[in-house]
Amino acid sequence: MSGPPGTVPHRLTGRRVEPAEPLDLSGTGRGTAEAVRFLRECQGLGLRVDWRATGTPSYDPALLRHLPPPAELGPWRTESAAWRAAHRHGSLYHRRGPDFVTVLDRRRPGTAARLTLDHPSLHGTFLRLLEPTPVDALDAVGREALGLLAAERLVLSAGGWAVTLPPRVRRWPVPCTAI
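A brief structural summary. Fair warning: this is a prediction, and the values are worked out from it, not measured in the lab. (Residues numbered from 1 in each chain as written. Predicted model: local features only at pLDDT ≥ 70, side-chain atom pairs only at ≥ 80, totals over all residues. Heavy atoms only, no water.)

Let's shift gears to the packing of helix 3 (residues 120-128) against helix 4 (residues 140-151). Their axes nearest at 9 Å, the elements helix 3 and helix 4 cross at an angle of 80°. Considered as vectors, helix 3 and helix 4 are oriented roughly perpendicular to each other. Taken together, the residues of helix 4 that come into contact with helix 3 (itself represented by S121, L122, T125 and F126) are V141, G142, A145, L146, L148 and L149. Of the residues contributing to the contact of helix 3 with helix 4, the split by class is 7 nonpolar, 3 polar and no charged. (Axes fitted to C-alpha atoms, helices over the stretch in contact; angles between N-to-C directions. Helix = DSSP H or I, 4+ residues; strand = E, 2+ residues; numbered from the N terminus. Parallel < 35°, antiparallel > 145°, perpendicular 65-115°, else oblique. Contact = heavy atoms within 4.5 Å. Nonpolar A, V, L, I, M, F, W, Y, C, P; charged D, E, K, R; others polar.)

In structure tokens form, the structure reads like this:
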């Protein structure tokens, strides 16, 4: 494993990742989408991320609570405490099958939702948005699918960019025989 893909400069030491700079989570453009992708991929690979946040979010920050919380509070002081308290590994993730994606969402305490995305436009848009994508690059069908995925809180769409939120968990923190 070479580490998480994407454009965020980072240092990988064993199973610990440290971004070179604070991650911009303001929601004002591509930087936020790339930061979310980076955190999502680290989560899916089972990597520990020590990171700092910058920017005031233009969206509901609770969308990101399934991702590793920031190590430093910074401008996210009030949100960081709630994020740390609510964070649970595996509270939101996806699995892929032939022509479908299954999403398990347990972000809200006491609830669990399993969604199957098998409609071609939903499935295709979900997979396309694994890479941060400008909203303008989507056709009308893709924008409609984006709206539905955002309504289900499966995609972050902010600042003209969109990115899928649920990681594909490739490594769990405990062996499967221990569960």
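One open sheet holds the 3 strands; their spatial order is 9-11-10, and the pairing between them is antiparallel. In this open sheet, the two strands that pair with only one neighbour each are strand 9 (133-134) and strand 10 (155-158). Sheet topology note: the strand 9/strand 11 (residues 161-164) ladder contains 2 bridges and is antiparallel. For T133, the partnering residue across the bridge sits in strand 11 and is A162. (Pairing = 2+ DSSP bridges.)

Right, let's get into the pattern of salt bridges. Evaluation of the coordinates by the stated rule reveals 11 salt bridges. The partner of R37 in a salt bridge is E34, and the shortest N-O contact between them spans 3.8 Å. Highlighted residues: R37 and E34, both in helix 1 (residues 30-44), separated by 3 residues, approximately one helical turn. Looking at E34, the relative accessible area reads 7%, which means it is buried. A salt bridge links E41 to R170, with the nearest nitrogen and oxygen atoms 3.5 Å apart. Here the residue E41 occupies a position in helix 1, and R170 occupies one in the segment after strand 11, the gap between them amounting to 129 residues. One connected set of salt bridges, linked through shared partners, spans R11, R16, E18, R48 and D50. (Salt bridge = Lys/Arg side-chain N within 4 Å of Asp/Glu carboxyl O. Buried < 20%, exposed > 50% of the residue type's maximum accessible area, 1.4 Å probe, protein only.)

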